[in-house]
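Coordinate analysis (summary)
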Amino acid sequence: MADVTMRVWRGDEDGGTFTEYVMPAVEGEVVLDVIHRIQAGPAPDLACRWNCKAGKCGSCSAEINGLPKLMCMTRMDVLPEGEPVVVAPMRTFPIIRDLVTDVAFNYTMARQVPPFKPREPEADGTYRMQQIDIERGQEFRKCIECFMCQDVCHVIRDHEENKASYAGPRMFIRFMELESHPLDTDDRRELLRERMGLGMCNITKCCTEVCPEHIKITDNAIIPLKERVVDASYDPVAWLGRKILRRTKRSALEAALDAPGQHTPTRQEQPTRPVVSATDHS
Amino acid sequence: MPDNSHDIETHDYDVVVIGAGGAGLRAAIEARELGQRTALVCKSLLGKAHTVMAEGGAAAAMGNVWSEDNWKVHFRDTMRGGKMLNNWRMAQLHAQESPDRIYELERWGALFDRTKDGRILQRDFGGHRYARLAHVGDRTGLELIRTLQQRAITLDIDVFMECKILRLLKDAEGAVSTAVGYWRPTGEMVSFTARAFVLATGSIGKSWLYTSNSWESTGDGHAMAAWAGADMIDMECVQFHPTGMVWPLSVRGILVTEGVRGDGGVLRNSEGRRFMFDYIPPMFAAETADSEEEGDRWYDDHLNNRRPPELLPRDEVARSINSEVKAGRGGPHGGVFLDIATRRSADEIRRRLPSMYHQFKELAGVDITAQPMEVGPTCHYMMGGVRVDAETEQTTVPGLFAAGEVAGGMHGANRLGGNSLSDLLVFGRRAGMAAAQFAQGRTRAPAVDGAEVAAVVAEAEAPFGRDGGESPYDLQSAIQQMMQQLVGIIRTEDELRRALGELDSLSERAQKMSVSGGRAYNPGWNLATDLPSMLTTSRLVAKGALERRESRGGHTREDYPKPDPELGKVNLVQRIDGDGNYTLEPEPLLEMPAELKELFEEEPH
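Here the structure is a predicted model, which means the values were calculated and not measured.

Cut-offs used in this document
- Residues numbered from 1 in each chain as written.
- Chains lettered and ligands numbered in written order.
- Predicted model: local features only at pLDDT ≥ 70, side-chain atom pairs only at ≥ 80, totals over all residues.
- Heavy atoms only, no water.
- Helix = DSSP H or I, 4+ residues; strand = E, 2+ residues; numbered from the N terminus.
- Rg over C-alpha atoms; globule rule 2.2 N^0.38 Å.
- Buried < 20%, exposed > 50% of the residue type's maximum accessible area, 1.4 Å probe, protein only.
- Contact = heavy atoms within 4.5 Å.
- Areas by Shrake-Rupley, 256 points an atom, 1.4 Å probe, with all protein chains shown as cover.
- Lys, Arg positive; Asp, Glu negative; His and termini not counted.
- Charge placed at Lys NZ, Arg CZ, Asp CG, Glu CD.
- Buried area = accessible area lost by both parts, 1.4 Å probe.
- Salt bridge = Lys/Arg side-chain N within 4 Å of Asp/Glu carboxyl O.
- Polar contact = N/O pair within 3.5 Å; in protein donor to acceptor, adjacent residues only side chain to side chain.
- Pairing = 2+ DSSP bridges.
- Expected span 1.5 Å × (residues − 1).
- Bend = angle between axes of the 7 residues up to and from the residue.
- Phe/Tyr/Trp six-rings, centres within 6.5 Å; stacked < 30°, edge-to-face > 60°.
- Axes fitted to C-alpha atoms, helices over the stretch in contact; angles between N-to-C directions.
- Domains from an automatic or database assignment.
- Parallel < 35°, antiparallel > 145°, perpendicular 65-115°, else oblique.
- Nonpolar A, V, L, I, M, F, W, Y, C, P; charged D, E, K, R; others polar.

Along the backbone of chain B there are 17 helices and 18 strands. The C-alpha radius of gyration of chain B comes to 23 Å, within 12% of the 25 Å expected for a compact globule of 605 residues. Over its C-alpha atoms, taken along the principal directions, chain B stretches across nearly 75 × 50 × 50 Å. Of all 605 residues assigned to chain B, the portion counted as buried reaches 68%. Sequence-distant contacts in chain B: of pairs separated by 6 or more residues, those separated by 24 or more amount to 74%. Roughly 18600 Å² of accessible area belongs to chain B as shown, and the carbon and sulfur atoms make up 49% of that amount. The distance from the centre of the 68 positive side-chain charges to the centre of the 88 negative ones in chain B is 2 Å.

Given below as structure tokens:
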């Protein structure tokens, strides 16, 4: 096979430049494989982050040909053939070295999320939740914290000054995950409005476009959150939305289980066996 | 040698936890909740540890799907899966406490998949008699690490990210008192003094060529404990997971969850035959289906049918795949075929196994709802490790605790799928608790020996001072090729002796390697500092494998293909003395009490 030309940004906080590496092409490789071969060959000190190499840990985010991508999930054969592959660090975060950026901002913001406060459990000490009621939360919990949504967010991409007062899409889905949690009892609307800068997002959906987990960040998290923080007395639609959402916090079955004389159905009382096996063929 | 120890950044804590996967996070949470000033030190960013790769689920006998399940059944499955080499008390505590640890995660915000009556759903896995794995699709590890991470940061635990620990140092009384390492972003040295240390550093799997493990799994904790004089047990027991990806070469080794088989997937050879029916060992014959029809019925009716042989413990399945490929019945890339496409609907596959669907689609161009996956064994898990007390996870070195994969004993000679995530929670918590107690009782402030610190620093920096030596990447690759070839899934005396010889020469070469560039975020240098751990752990594995002249669990000897009942009664205990000499002694297993022994006499079903 032919060679591939990798144009990789090398440098640190004081500046840097793109350096070209011409490497033999290997069938089936992803960008991260070629970076690893550059490390094992011409540039042993080329800095990049990686862990799982399977799209599960979100460590190897970079801007490939100008677009934020996971290096481990970007196959070389989907990039334009015969053209150099340009690999740059995420622009929104301060450079440490080469492809590695200082993502501490995200961890600082994460520390400001109040701890989860669940309601009291059932009499047996555990909880009942219906699958349908947790699916929204599960969507957000797919987040692998690659921080590419933060990288493309206009509010902070070229506005360092906004970082002090803006949590960003990654944190908004974290908030929405808590808000949609069936066991949640907390109210975070003040925090979202006052400290997390929710109002600064102008819903351009860039975050949604780059999410490697295909989480609908804008539609399913940011817009519903914006509706919630609008003062109930001024916005009847948002008020209604909250009421409707409140109902989903507890399913009918859960309510029934709490009712006087409640009991937990035993296995024998359940209509079909097994109730739900791991291979639910429905 | 200049004593520059006073120049390096120093931190003091009650408890320092090294490693921030499931076990480390859970230990730090416990120590902090018990009022200890706690630090969590990890090589990567928080939330990226290898736990995040766990897919199938966490085994806990909650009985939500099959009320027949209870801790005794789980205990029995674990011991039999481990070929009875397990520390029985750890297996018992694990089986008894796992359900509470799962429910605890739920209180902390985890969202496990549900049964129709709203409880935590449980999935079938190899070696577990009942569907027992609490899970979230096929990304359970992510859920676990995120929940613990989010809990930890609300507790005011100090997290030192991208900080690699090189060595543990002891005070005059022989208790561990200092950990010395460096910050990866700057390359600056740092030391931690503490009253108790918890090792939670995970695996050693990066010493093999085909592995599901990430760059971090270089056996740092195993090696640091051994260098500090701790007992290491059963280091020969390495698990090769039966189903890793085999193609393209660049992804070879990446894990394909056992959940595929738990959810109905079957293994076929190039002739289309479900070959696992040809490999049912006598130990499991009574509880394994002997026809495809019975195996297929089992998914819906566990009580009147026996489990399909695809769900035998991992060691059995991995060996069987190896045999099929050797017999010339493998696929085009040296694997066998894992077929779920003809067994379940496309919708169900995408819903139950979303990340497998994604992984094959993106990386291999294979649509698993329409085509089989080609899979083969990959180095996956280290059963052996630091010897610990079952209740406290205290090692044989005072002030040092170990939990998770770095600790040995819990899984015996072979780990059942799903038992790792619950292991992290159960023993992470116990280690955190015992470390907190030890820290409170330790009256003397931990002392630092400046000269020892300086020696660690000098050793780490040495490759910068050499010119023209080998690259650490070449050495790592040489270790991986050698371990894959000579200390792989099937072992022989001759190959193991050759491996030990190779390790001698690799260690000499490592003394001469050189590193270029600066200290700040230099992966070449970082790798150079990982190599000593890889070499030490590889040697411990090869030595143990040579001495265990039998086949048991993850350890298979071609020249001793059967288990030896006498060797089944001992742990192989290895130590490294102050002069760097390795010793190995067989020591009797802990005696199981009579009431637990009875569990192994009754017939299943």
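Assigned secondary structure in chain A consists of eleven helices and seven strands. Residue burial in chain A is summarised as follows: out of 282 residues, 55% are buried. Of the contacts made within chain A by residues no fewer than 6 positions apart, 62% connect residues no fewer than 24 positions apart. Taken as a whole, chain A presents about 12500 Å² of accessible surface, with 55% of it coming from carbon and sulfur.

Attention now moves to the interface of chain A and chain B. On the side of chain B, 81 residues touch chain A, which itself brings 73 residues to the contact. Interface of chain A and chain B: buried area, both sides summed, is about 6300 Å²; carbon and sulfur atoms make up 53% of it. For the pair chain A and chain B, the number of links is four salt bridges. Among the salt bridges present, the one from arginine 49 of chain A reaches glutamate 162 of chain B, with a minimum N-O distance of 2.7 Å. Linking chain A with chain B are 35 residue pairs in polar contact (both at pLDDT 80 or more). Looking at the side of chain A that touches chain B, the elements with two or more residues in it are α1 (31-40), β6 (95-97), α2 (104-110), α3 (131-141) and α6 (169-179) of chain A.

What follows covers the side chain of threonine 288 of chain B. Residues and elements named next belong to chain B. Position of threonine 288 among the secondary structure elements: in the loop between α7 (282-285) and α8 (292-298). Only 2.6 Å separates the side chain of threonine 288 from the backbone oxygen of phenylalanine 284, close enough to count as a polar contact. With residues near it in sequence (within four places) discarded, threonine 288 still touches Ile280, Arg306, Arg307, Pro308, Pro309 and Leu312.

All names here are of chain A. Of the strand pairs in this sheet, strand β1 (residues 3-12) and strand β2 (residues 15-24) are connected by ten bridges, and their pairing is antiparallel. In the sheet register, glycine 11 faces β2, and the bridge partner there is glycine 16. In this antiparallel pair of consecutive strands, β1 and β2, the connection spans two residues. Here three bridges tie β1 to strand β5 (residues 85-88), and the two strands are oriented parallel to one another. Paired with arginine 7 across the strands is valine 86, a residue of β5.

Residues and elements named next belong to chain B. Its 25 residues place the ends of helix α16 (residues 523-547) 36 Å apart at the C-alpha level, agreeing with the 36 Å of an ideal helix rising 1.5 Å per residue. At aspartate 530, α16 shows its largest kink, close to 30 degrees, and the proline proline 532 lies no more than four residues downstream. Of all 25 residues in α16, 22 are buried, a share of seventy percent or more. Its side-chain oxygen placed 3.0 Å from the backbone nitrogen of glycine 524, asparagine 522 serves as the N-cap of α16.

A separate point is the pattern of salt bridges. Residue and element names in this part refer to chain B. Within this structure, the stated rule accounts for 89 salt bridges over all chains. For glutamate 292, the salt bridge goes to arginine 274, with nearest N and O atoms at 3.9 Å. Of this pair, glutamate 292 sits in helix α8 while arginine 274 sits in the loop between β12 (266-268) and α7, and the two are 18 residues apart along the sequence. Residue classification places glutamate 292 among the partly exposed residues on the basis of a relative accessible area of 36%.

Another point: the packing of aromatic side chains. Residues and elements named next belong to chain B. For the structure shown, the criterion picks out 14 aromatic pairs over all chains. Seen in terms of ring centroids, phenylalanine 160 and tryptophan 183 are 5.7 Å apart; in terms of plane orientation they differ by 40 degrees. Their pairing is tilted. Highlighted residues: phenylalanine 160 in strand β6 (residues 158-160) and tryptophan 183 in strand β8 (residues 176-183), separated in sequence by 23 residues. Ring geometry for tryptophan 298 versus tyrosine 299: centroids 5.2 Å apart, planes at 70 degrees, classification edge-to-face.

All names here are of chain B. Strand order across the open sheet formed by four strands is β15-β10-β17-β18, with antiparallel pairing between neighbours. This sheet does not close on itself; its edge strands, each paired only once, are β15 (385-386) and β18 (582-588). Running at roughly 50 degrees to β18, α16 makes contact with β10 (232-233), β17 (570-576) and β18 of the sheet.

Residues and elements named next belong to chain A. Once the domains are mapped, chain A shows domain 1 (3-101) and domain 2 (104-256). With 14 residues of domain 1 at the interface, the matching set in domain 2 holds 18 residues. Summed over both partners, the interface of domain 1 with domain 2 comes to about 1200 Å²; 53% of that surface belongs to carbon and sulfur atoms. For the pair domain 1 and domain 2, the number of links is two salt bridges. A salt bridge links arginine 91 to aspartate 158, with the nearest nitrogen and oxygen atoms 2.6 Å apart.

Below, the discussion takes up the packing of helix α14 (residues 472-486) of chain B against helix α15 (residues 493-512) of chain B. What describes two packed helices is the angle between their axes and the distance between those same axes. Residue and element names in this part refer to chain B. Relative to each other, α14 and α15 sit at 175 degrees, their axes nearing to 10 Å. One element, α14, and the other, α15, form an angle in the roughly antiparallel class. Packed against α14, whose contacting residues are Leu475, Ala478, Ile479, Met482, Gln485 and Leu486, the element α15 presents Glu495, Leu496, Arg498, Ala499, Glu502, Leu503, Leu506, Arg509 and Ala510 at the interface. Of the residues that constitute the contact of α14 with α15, the class distribution is ten nonpolar, one polar and four charged.

A few words on the pairing of β8 of chain B. All names here are of chain B. Burial analysis of β8 places eight of its eight residues in the buried class, which makes it a mostly covered element. Bridging between strand β7 (residues 163-170) and β8 involves seven bridges; their strand directions are antiparallel. Across the sheet, the residue bridging to lysine 170 is valine 176, located in β8. The loop that links β7 with its antiparallel partner β8 comprises five residues; one of these, glycine 174, has a positive phi angle of about 90 degrees.

Turning our attention to the domain arrangement of chain B. For an interface, size is often stated in terms of accessible area lost upon the parts coming together. Residue and element names in this part refer to chain B. Domain annotation for chain B reports domain 1 (240-379) and domain 2 (464-579). Relative placement of domain 1 and domain 2: their C-alpha centres are 30 Å apart. Counting residues at the interface gives seven residues for domain 1 and nine residues for domain 2. Three residues stand out in domain 1 for area buried against domain 2, namely Phe240, Arg319 and Asn322, and they jointly supply 72% of the buried area on that side. At the boundary of domain 1 and domain 2, one finds one salt bridge. A salt bridge links glutamate 558 to lysine 326; the shortest N-O distance between them is 3.5 Å. Joining domain 1 to domain 2, the criterion identifies two residue pairs in polar contact (both at pLDDT 80 or more). If one sorts the elements of the side of domain 1 that touches domain 2 by residue count, helix α9 (residues 314-326) sits on top with five residues. Looking at side-chain class alone, the side of domain 1 that touches domain 2 contains three nonpolar, one polar and three charged residues.

Attention now goes to helix α11 (residues 354-364) of chain B. Those residues of α11 of chain B that fall on the buried side of the exposure criterion are Ser355, Met356, Tyr357, Gln359, Phe360, Leu363 and Ala364 of chain B. Of the residues one or two after α11 of chain B, glycine 365 of chain B is the one with positive phi, at around 65 degrees.

All right, on to the environment of alanine 134 of chain B then. All names here are of chain B. Tracing the backbone through its elements, the reader meets alanine 134 in strand β5 (residues 133-134). Its relative accessible area of 0% is what places alanine 134 among the buried residues. A sequence separation of 33 residues divides alanine 134 from arginine 167, and the C-alpha atoms of the two residues are 37 Å apart. Setting aside residues no more than four positions away along its own chain, alanine 134 makes contact with Gly56, Gly57, Ala58, Met62, Ile102, Phe112, Ile120, Leu121, Gln122 and Thr140.

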